[in-house]
Amino acid sequence: MTQTTDAAAAAAASEAQPEPTRPGRPTRAHRAWWVAAVTFVTIIGAAAFRSLPGILIDPLHQEFGWSRGTIGAAVSVNLALYGLTAPFAAALMDRFGIRRVVAVALMVIALGSGLTVWMNSAWQLILCWGLLVGLGSGSMALAFAATVTNRWFTERRGLVTGVLTAASASGQLIFLPLLSWIVETYDWRPAAVTVALAALAVVPFVWLLLHDHPADVGQKPYGAKEFVPKPAPVPGAARRALTVLFAAVRTGPFWLLAGTFAICGASTNGLIQTHFVPAAHDHGMPITAAASLLAVIGVFDVAGTIASGWFTDRFEPRRLLAVYYALRGVSLLFLPMLLAPSVHPPMIFFIVFYGLDWVATVPPTLALCREHYGEDSAIVFGWVLASHQVGAALVAFLGGVARDRFGSYDVVWIASGALCAAAALMALVIRRRPVPVAALS
């Protein structure tokens with residue numbers, strides 16, 4: 001009887017032991033990483049249009065005689081719509097799915113960029129580049145990355161946000177030297193066609209490979225302990241975006257995040273991306289050399305943003321923001337002394353430093369939105385991004401006006417440095433206690 005009992009216990013114990021892993025059988029990567037990879041490539045392809053405005057200011061000024069303020073106005077419309085469209089795009093993704101919204105956005109970008117080839121009036125530039133490309137790009141904004149991250153990842157969100165944010169800089173790295181060479185060698189029109197083709201080339205990848213939700217492929221979000229069913233489509237995308245906004249504006253963190261991010265946009269997209277190439281050209285630097293420096297910013301932006309995502313998973317986001325803005329402001333104050341006809345070591349140091357800090361602000365800003373606003377964080381971040389682009393739009397326009405008025409960009413660099421110092425102080429006063437999610441319902 002004892003032997004029988006012992007044998008039964010031994011058999012039960014052997015059945016309880018997990019089956020050993022077969023050697024030579026690699027573990028399959030979670031589908032979330034494949035979705036993140038497709039998103040990364042999509043944003044890279046769409047980033048081509050972001051590389052063009054700074055290169056076109058001088059060619060359009062020379063061909064049509066338009067002032068830099070007029071051209072800057074078209075760029076400012078583009079930048080403003082890029083931000084203002086983002087929260088509605090995030091809500092549309094909840095209604096119609098990520099794949100449909102992104103595919104349509106890429107086709108709108110291609111249409112707007114392609115139509116600029118036939119323009120001959122400033123209003124056409126505002127219509128094509130400002131309105132169409134602005135609407136399309138707004139649907140491809142960082143709210144897209146936030147939606148993918150929120151749906152597909154429970155762990156490593158800061159790192160993934162950093163990687164997807166860096167994709168825009170990678171696209172700039174790939175396309176900016178090419179587009180500047182096309183403009184100098186041929187004309188600005190072939191460059192605009194290249195942007196349109198790049199946007200169209202990404203559409204098939206989006207349609208075939210970008211899944212809307214982990215439940216579509218029967219998986220849990222990466223790092224989740226339980227299966228998450230796919231939520232039902234949310235009707236009334238515009239109403240939801242506005243409802244979330246009206247609730248968020250009643251909270252202090254929203255205004256602080258929106259204010260700091262407006263200064264972020266002013267000192268990156270509005271200032272450096274739009275006006276660095278013509279400012280360097282004012283000092284005798286060839287356009288290709290200046291555009292290459294801007295592309296180098298994109299190289300180090302990738303490293304800086306990914307590192308910022310890693311830091312965000314480990315350190316307090318608001319302190320990271322304060323450090324990023326303070327360092328950016330100091331570097332801008334030195335820029336007027338660094339511009340010269342040729343590239344020299346201090347300028348390279350500025351480019352590397354500014355690249356590391358370029359959009360390092362995104363992961364901690366998104367983390368703070370997620371902390372304070374929960375499930376509505378992607379839409380709230382879309383509105384915060386709107387403030388980013390409004391700040392960028394103002395400086396894109398005012399920078400051109402300042403150049404026309406004063407004959408140089410010096411006052412713009414100094415004013416932007418002072419604004420970054422203010423952003424550092426604003427980041428420090430963001431309170432840590434999260435706003436109850438129920439307050440936004």
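What you see is a predicted model; the values in this text were computed from it and never measured.

The secondary structure content of the protein chain amounts to 19 helices and zero strands. Looking at the 441 residues of the protein chain, the share that counts as buried comes to 54%. Summarising the internal contacts of the protein chain: among those between residues at least 6 apart in sequence, 83% fall at separations of at least 24.

In a regular helix each residue adds 1.5 Å, so 12 residues correspond to 16 Å; helix α17 (residues 362–373) covers 16 Å between its end C-alpha atoms and thus fits that length. Extensive coverage of α17 is indicated by the burial of 11 of its 12 residues. Of all the positions in α17, only Val362, Pro363, Pro364, Thr365, Leu366, Ala367, Leu368, Cys369, Arg370, His372 and Tyr373 are classed as buried. Positive phi appears at Gly374, one or two residues downstream of α17, with a value of about 55 degrees.

What follows deals with a nonpolar patch on the surface. A contiguous nonpolar surface patch, about 480 Å² in accessible area, is contributed by Leu84, Val390, Leu394, Phe397, Leu398 and Val401. The element that contributes the greatest number of residues to the nonpolar patch is helix α18 (residues 377–406), accounting for five residues. Overall, Phe397 belongs to the partly exposed group, its relative accessible area being 36%.

If you check helix α10 (residues 188–209), its first and last C-alpha atoms are 33 Å apart, about what 22 residues at 1.5 Å a residue would give, namely 32 Å. All of the buried residues along α10 are Trp188, Ala191, Ala192, Val195, Ala196, Ala198, Ala199, Val202, Val203 and Val206.

Core analysis: the biggest nonpolar cluster contains 88 residues, and Phe254, Ile272, Phe276 and Met347 have the highest contact counts within it. Here this core takes 10 residues from α18, the largest share from any one element. Once you skip the residues sitting within four places of it in the chain, Met347 turns out to touch Phe276, Leu293, Leu335, Leu338 and Leu339. Within the second largest apolar cluster, 30 residues are counted, among which are Ala36, Ile98, Val101 and Ala196.

Here the focus is the packing of aromatic side chains. Taken as a whole and judged by the stated rule, the model has 11 aromatic pairs. When the ring of Trp33 is compared with that of Phe153, the centres are 5.0 Å apart and the planes differ by 70 degrees; the resulting orientation is edge-to-face. Placement of the pair is Trp33 in helix α2 (residues 31–46) and Phe153 in the loop between α8 (142–152) and α9 (157–185), with a sequence separation of 120 residues. Judged by relative accessible area, Trp33 falls into the partly exposed class, the value being 32%. Among the aromatic residues, ring-to-ring pairing joins Phe64, Trp66 and Trp188 into one connected group. The ring of Trp207 carries Arg99 above its face, with NZ or CZ at 4.8 Å from the centroid.

This part covers the environment of His281. Mapped onto the elements, His281 comes out in helix α13 (residues 269–282). The exposure class assigned to His281 is partly exposed, which follows from its relative accessible area of 32%. Through-space distance from the C-alpha of His281 to that of Leu339 is 9.2 Å; in sequence the pair is 58 residues apart. The residues contacting His281, other than those within four sequence positions of it, are Asp58 and Ile287.

Opposite charge on two side chains permits pairing when their charged atoms draw close. A complete count under the given rule lists six salt bridges for this structure. Note that Asp187 and Arg189 form a salt bridge whose closest N and O atoms lie 3.0 Å from each other. For Asp187, a relative accessible area of 25% translates into the label partly exposed. The class for Arg189 is partly exposed, based on a relative accessible area of 21%. Between Asp282 and Arg403 there is a salt bridge; the shortest N-O distance is 2.6 Å.

On to the side chain of Arg403. Examined against the element boundaries, Arg403 turns out to sit in helix α18. Since its relative accessible area comes to 15%, Arg403 is described here as buried.

Between helix α12 (residues 252–267) and α17, whose axes approach to 11 Å, the crossing angle comes to 165 degrees. It follows that α12 is roughly antiparallel to α17 by the angle criterion. Considering the relative orientation of α12 and α17, their crossing is left-handed. Residues Pro253, Phe254, Leu257 and Phe261 of α12 pack against Val362, Thr365, Leu368, Cys369, His372 and Tyr373 of α17.

The rules behind these values
- Residues numbered from 1 in each chain as written.
- Predicted model: local features only at pLDDT ≥ 70, side-chain atom pairs only at ≥ 80, totals over all residues.
- Heavy atoms only, no water.
- Helix = DSSP H or I, 4+ residues; strand = E, 2+ residues; numbered from the N terminus.
- Buried < 20%, exposed > 50% of the residue type's maximum accessible area, 1.4 Å probe, protein only.
- Contact = heavy atoms within 4.5 Å.
- Expected span 1.5 Å × (residues − 1).
- Patch = residues over 30% accessible without salt bridge, like charges linked within 9 Å, V, L, I, M, F, W, Y side chains within 5 Å.
- Areas by Shrake-Rupley, 256 points an atom, 1.4 Å probe, with all protein chains shown as cover.
- Salt bridge = Lys/Arg side-chain N within 4 Å of Asp/Glu carboxyl O.
- Core = buried A, V, L, I, M, F, W, Y, C linked by side-chain atoms within 4.5 Å.
- Phe/Tyr/Trp six-rings, centres within 6.5 Å; stacked < 30°, edge-to-face > 60°.
- Lys NZ or Arg CZ within 6 Å of the ring centre and 35° of its normal.
- Axes fitted to C-alpha atoms, helices over the stretch in contact; angles between N-to-C directions.
- Parallel < 35°, antiparallel > 145°, perpendicular 65-115°, else oblique.
- Left-handed = near helix turned anticlockwise from the far one by under 90°.

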